[in-house]
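Each chain is listed here by its residues.
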Amino acid sequence: MSDEPQPQQTNQGGGPEQPAAAAEPEGKKPKRPRRTGWRRLVPTWRMVLGTFILFVVLLAGLFFLGYSMVKIPPANALATKQSNLYLYADGTEIARDGEVNRENVELAQISKDAQHAVLAAEDRDFYTESAIDPKAMVRAGWNTATGKGRQSGSTITQQYVKNYYLAQEQTVTRKVKEFFIAIKLDRTESKDQILEGYLNTSYFGRNAYGIQAAAQAYYGIDATELDAAKGAYLAALVNAPSEYDVVAHPENKAAAKDRWQYVLSGMVDKGWLSESERAALKFPMPRETSGAATGMSGQRGYIVEAIKEYLKDNKIVTSQELDAGGFRFTTTLQKSKQQAFVKAVDDRLMSKLDRKNRKVDTYVRAGGAAVDPRTGKVLAMYGGIDYVKQYTNNATRGDFQNGSVFKPFVFTSAVQNESVTQDGRTITPNTVYDGTNERPVQGWSGGAYDPENEDGWSYGDITVRTATDKSVNSVYAQMAVDVGPDKVRQTAVDLGIPGNTKDLNPYPSIALGTATASVLDMAEAYATLANHGKHATYTLIAKVTKDGRSVMDMPKSTARQAVPREAADTTTSILQSVVENGTATAAQAAGRPAAGKTGTAEEDTAAWFAGYTPELATVVSVMGQDPVTAAHKPLYGAMGLDRINGGGAPAEIWAQFTRDALKGKPVTEFDLQLQPGADVIQTPPSDPATEPGTDDEDEDDPAGGATGGDTRGQTQGQTGGTTTGGTTTGPTGGTTTGGSTTGPTTGGTTDGGTTTGGTTGGETTGGTTDGGTGTGGTDGGTTSGTDGGTTAGTEGLFGGRRP
């Protein structure tokens, strides 16, 4: 190389010279360029992998920590659980439910059909899966979170752990313990042992713990005798023991059948039952007898079950807390009134039955409830002849039609809404309607509807008061349309009928009592009428204590004005007439001012009387049900009578109970504020084509006693013509208008336009009559009380003749 200086290379671009980059050391990789912009926010795969590994290590650590710390505990205290004590209002004992009805059996003593049914219902892959099912747990959590209902993802092993080793509380701690104990148990016990334990600890309702006790409680057989149908029903009960007992809750039968079908489908899917065998199965109705201990006999079991339902419905105490026991429930029930109710039913109904010689008498059962109108407290309740013989509580069941005891709600709604007839007249007790049998209702756009009156009687023109006395369907169906069936429904709900009552639909037929409110619900609604329209929700519990201290707040039962006072009180006035002159005269035996209404369900499957005094509202129902099939049955021939109606045994029971329950109490009168114009008779407008004083309207007059003239036979003051039957009481007065009166006046003195005393009824003439004849007694019609100076001297005007 030359030692002479080399020439410098010039910068051709004319810019400053750039220093030469340092040479990378030989054998080293170049540095990774630094991440910029949005790329800095995205984790690298190394970060993701590292986080995942850390999470797995942490999870595994927590698992092994939990597994090592959680031990399999001894069995829980269910076998020695405390009693729950139920007391009357005075502190005397009604019942205890601490006895656990359970008989442990080996798996071999449980039929294979029953085993498979429970597996199909609760855990179809029990024998092939692990102790826990993460997928099911995630699915249950997702369904619960997305509003598909609270669901459990527990396997049978987990459920057994909860039943046998742990308490029932829904906490994270309990779920964690359940998780680890189930895993340990799966390693120490066989699947058969776990299934056996589960079947012996599960609760099936009717105080039956374990499948052996359940088989006895529902079918009176041992678990070895359970076939696929019965086993599937018991398996369905595990999901909801209270709701799916179709004897205790007939209204839930459809849901119970759906669950039963679900179980059978699972058995078919798993190959435990063939399609042909499944097709041949019929739903196995359980028996009436509860299988409960004799400590629940008589009325005690009904009361305890009603209280449990009340506690659950009002979210006072949960089923899990009840299972733990130790509560003292002081009820609102009064022992003397409870005993009086039982005696009244025995005296007026049960003692008159001949179950050996009259099959229909085996269908007879009764339910009743008495409520304090001012507070809503249930003072007495009759559930049935004996809880261990007839399990269904007839006071709280909701599957028999209410019949005509619903009619007063229609009239209450009419006054509440200031409703008018189709021709514009305000609806009052003295508004005249056409009571012709099978008269098509007017103004209803939902299709033709022409209800039949009881026994097919036609009444012609008739006042609302008399239509209530005689329970005329054609009048009340028309009134429901005049008011608006939706408004009638709302008034019933306002008074206390639950909005979810079956068949409480806004149709004209609502007036005839197609709804199936319970006796207790109906008593609450009638108590609202008795309390001048103020509604107090019924209550069965006065106080709940545990370990000597109050532990639960009771629902507030503040009375509120549900309907205007005038609406309730005017209804009371016409219901007084039903007791005084109508279908409920048997209720007079109570010896007190009373208001009430009789009712009969379709095909005479139930007879009702709902009534009240100012101090006490009571409802009684006599029902017909086959003790084997649970089907509703007509009561024709029961008690040796042609039929049982509301004015018979129900009203007689009501009268005796009310008399005895209020014995020694001062007799009080109703303090009523009536709607304006309640006493004014409102007849339909006269036919303009007919001249006053002619007898054209009287030809074949369906009213049979309604007369022509410009008053359509209205008699004010002086009465004329032939009168038979019926009784007019109280002062009457006014002047005779329209036409002349002829013939003798029967029973009574006419003096200055005032008719007093005596009996009047049947045919009266105001104008010229065609000789129509009214009927005597209550059929001829009866008026009572003061009508403000204008009273129809006879109810023959509105009574009419029967065909």
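Residues numbered from 1 in each chain as written. Predicted model: local features only at pLDDT ≥ 70, side-chain atom pairs only at ≥ 80, totals over all residues. Heavy atoms only, no water.

Provide a residue-level description of the overall build of the chain, including the pertinent values.
Across its full length, the chain holds 22 helices and 18 strands. Summing over all exposed atoms, the chain offers an accessible surface of approximately 36500 Å²; the carbon and sulfur share of this is 51%. (Helix = DSSP H or I, 4+ residues; strand = E, 2+ residues; numbered from the N terminus. Areas by Shrake-Rupley, 256 points an atom, 1.4 Å probe, with all protein chains shown as cover.)

With reference to specific residues and values, describe the confidence of the model for the chain.
Averaged over the chain, the pLDDT score is 79; the fraction of residues at 70 or greater is 71%. Per-residue pLDDT stays below 50 along residues 1–5; that stretch engages in zero contacts with residues further than four places along the chain or on separate chains. For the stretch residues 7–18, pLDDT sits under 50, and the model shows two contacts to residues farther than four places along the chain or on other chains. (pLDDT = per-residue confidence, 0-100. Contact = heavy atoms within 4.5 Å.)

So what's going on with the sheet that holds strand β12 (residues 549–550)? Which residues, and what values?
Spatially, five strands are ordered β2-β1-β5-β11-β12 in an open sheet, and the strand pairing comes out mixed. Every other strand in the sheet has two partners, leaving β2 (93–96) and β12 as the edge strands with one partner each. Two strands pair when backbone bridges link them, and strand β11 (residues 541–546) and β12 are joined in this way by two bridges, in the antiparallel orientation. Note on β12: the bridge partner recorded for K546 is R549. Seen against the sheet, helix α11 (residues 300–313) touches β1 (85–87), β2, β5 (327–331) and β11 and runs at an angle of roughly 75° to β2. (Pairing = 2+ DSSP bridges. Axes fitted to C-alpha atoms, helices over the stretch in contact; angles between N-to-C directions.)

Describe the pairing of strand β6 (residues 364–371), with residues and values.
In terms of burial, β6 is largely enclosed, as eight of its eight residues are buried. Every second residue of β6 is oriented toward a common face, with V364, A366, G368 and A370 on one face and R365, G367, A369 and V371 on the other, all of them buried. Where β6 lies against strand β16 (residues 617–624), eight bridges are found, and the strand directions are antiparallel. If you follow G367 over to β16, its bridge partner there is S621. Where β6 lies against strand β7 (residues 378–382), four bridges are found, and the strand directions are antiparallel. When the sheet's bridge partners are listed, A369 is paired in β7 with M381. Counted along the chain from β6 to the antiparallel partner β7, the turn is six residues long, and its residue G376 has a positive phi close to 80°. (Buried < 20%, exposed > 50% of the residue type's maximum accessible area, 1.4 Å probe, protein only.)

Got a sec to walk through the sheet that holds β16? Specific residues and values, please.
Through backbone hydrogen bonds, the strands of a sheet pair up, either in parallel or in antiparallel fashion. A sheet is described by the order of its strands in space; here five strands give the open sequence β7-β6-β16-β15-β14, paired in antiparallel fashion. A strand with exactly one partner marks an edge of an open sheet, and here the two such strands are β7 and β14 (595–600). The average angle at which neighbouring strand axes cross in this sheet is 5°, direction not considered. Of the strands in this sheet, β6, β7, β14, β15 (606–612) and β16 are in contact with helix α18 (residues 519–530), which crosses β16 at around 150°.

I'd like a description of the packing of aromatic side chains, backed by residues and values.
Pairs of aromatic rings are described using the distance from one ring centre to the other and the angle between the two planes. A full pass over the atoms with the stated rule returns 18 aromatic pairs. Look at F327 and F329: their rings are 5.5 Å apart centre to centre, the planes differ by 20°, and that puts the pair in the stacked class. For the pair F327 and F329, a shared accessibility class is recorded, and that class is buried. Site record: aromatic cluster; members linked through ring pairs are Y218, Y219, Y233, W260 and F283. Across the ring face of Y262, the terminal group of R124 is positioned such that the distance to the ring centre comes to 4.6 Å. (Phe/Tyr/Trp six-rings, centres within 6.5 Å; stacked < 30°, edge-to-face > 60°. Lys NZ or Arg CZ within 6 Å of the ring centre and 35° of its normal.)

Describe α18, naming the residues involved and giving the relevant values.
Compared with an ideal rise of 1.5 Å per residue, which puts 12 residues at 16 Å, α18 spans 16 Å between its outermost C-alpha atoms and is within 8% of the ideal. With 12 of its 12 residues buried, α18 lies for the most part within the structure. The complete set of buried residues in α18 reads V519, L520, D521, M522, A523, E524, A525, Y526, A527, T528, L529 and A530. Phi turns positive one or two residues past the end of α18, at H532, with a value near 60°. (Expected span 1.5 Å × (residues − 1).)

Help me get a handle on the environment of Y387, residues and values and all.
Within the fold, Y387 resides in the loop between β7 and α14 (407–416). C-alpha separation for the pair Y387 and G301, spaced 86 residues apart in sequence, amounts to 5.4 Å.

Can you tell me about the pattern of salt bridges, naming the residues and giving the values?
Throughout the structure, instances matching the rule amount to 22 salt bridges. The partner of D245 in a salt bridge is R206, and the shortest N-O contact between them spans 2.9 Å. With D245 in the loop between α8 (228–239) and α9 (253–269) and R206 in the loop between α6 (191–201) and β4 (208–209), this pair connects stretches of sequence that are 39 residues apart. Take D245 and R206: they sit in the same class, and that class is buried. Connected through shared salt-bridge partners, E454, D455, D604 and R643 make up one network. (Salt bridge = Lys/Arg side-chain N within 4 Å of Asp/Glu carboxyl O.)

Give me the environment of V378: which residues, what numbers.
Examined against the element boundaries, V378 turns out to sit in strand β7. Of the residues examined, V378 reaches a relative accessible area of 0% and is grouped as buried. Distance from V378 to A617, taken between C-alpha atoms, is 9.7 Å for residues 239 residues apart in sequence. Other than its neighbours up to four places away in sequence, V378 contacts T332, L333, A370, V371, L520, Y538, T539 and L540.

With reference to specific residues and values, describe the packing of helix α16 (residues 473–483) against helix α17 (residues 485–495).
The N-to-C vectors of α16 and α17 enclose an angle of 95°; their axes lie 6 Å apart at closest approach. For the element pair α16 / α17, the angle class is roughly perpendicular. Between α16 and α17, the residues in contact are A480, V481 and V483 and P485, K487 and V488, respectively. Split into classes, the residues belonging to the contact of α16 with α17 amount to five nonpolar, no polar and one charged. (Parallel < 35°, antiparallel > 145°, perpendicular 65-115°, else oblique. Nonpolar A, V, L, I, M, F, W, Y, C, P; charged D, E, K, R; others polar.)

An account of unusual backbone geometry is requested, with residue identities and associated values reported.
A positive phi is found at R206, a non-glycine position, where the angle reads about 55°. Residue classification places R206 among the buried residues on the basis of a relative accessible area of 3%. The backbone phi angle of E438 is positive, close to 55°, even though this residue is not glycine. Inspection of the secondary structure assignment puts E438 in the loop between β8 (432–434) and β9 (461–463).

Before we move on, can you summarise the side chain of S509 with the specific residues and values?
Residue position: S509 is located in the loop between α17 and α18. Among the residues examined, S509 registers a relative accessible area of 18% and is labelled buried.

I'd like a rundown of α8, residues and numbers included.
In a regular helix each residue adds 1.5 Å, so 12 residues correspond to 16 Å; α8 covers 18 Å between its end C-alpha atoms and thus fits that length. Buried residues dominate α8, accounting for 10 of its 12 residues. A228, A229, G231, A232, Y233, L234, A235, A236, L237 and V238 are the residues of α8 that are buried. Packing partners of the buried residues in α8 comprise α2 (112–122), α6, α7 (211–219) and α9.

Help me get a handle on the side chain of T412, residues and values and all.
For T412, the location among the structural elements is in helix α14. Given the relative accessible area of 0%, T412 is considered buried. For T412, the residues in contact, after removing those within four places along its chain, are T491, L529, V563, A567 and T571.

Got a sec to walk through the pairing of β2? Specific residues and values, please.
In this sheet, β2 lies alongside β1 in antiparallel orientation, the contact comprising three bridges. Bridge assignment links L87 to a residue of β2, and that residue is E93. Adjacent in sequence and paired antiparallel, β1 and β2 are bridged by five residues, among which G91 carries a positive phi angle near 95°.

So what's going on with the packing of α14 against α18? Which residues, and what values?
It is the contact of α14 with α18, at a shortest axis distance of 12 Å, that shows an interaxial angle of 40°. The angle between α14 and α18 places the two elements in the oblique class. For the element pair α14 and α18, the recorded crossing hand is left-handed. Of the residues in α18, those touching α14 at P408, F409 and T412 are M522, A525, Y526 and L529. Here the contact of α14 with α18 is composed, by residue class, of six nonpolar, one polar and no charged. (Left-handed = near helix turned anticlockwise from the far one by under 90°.)

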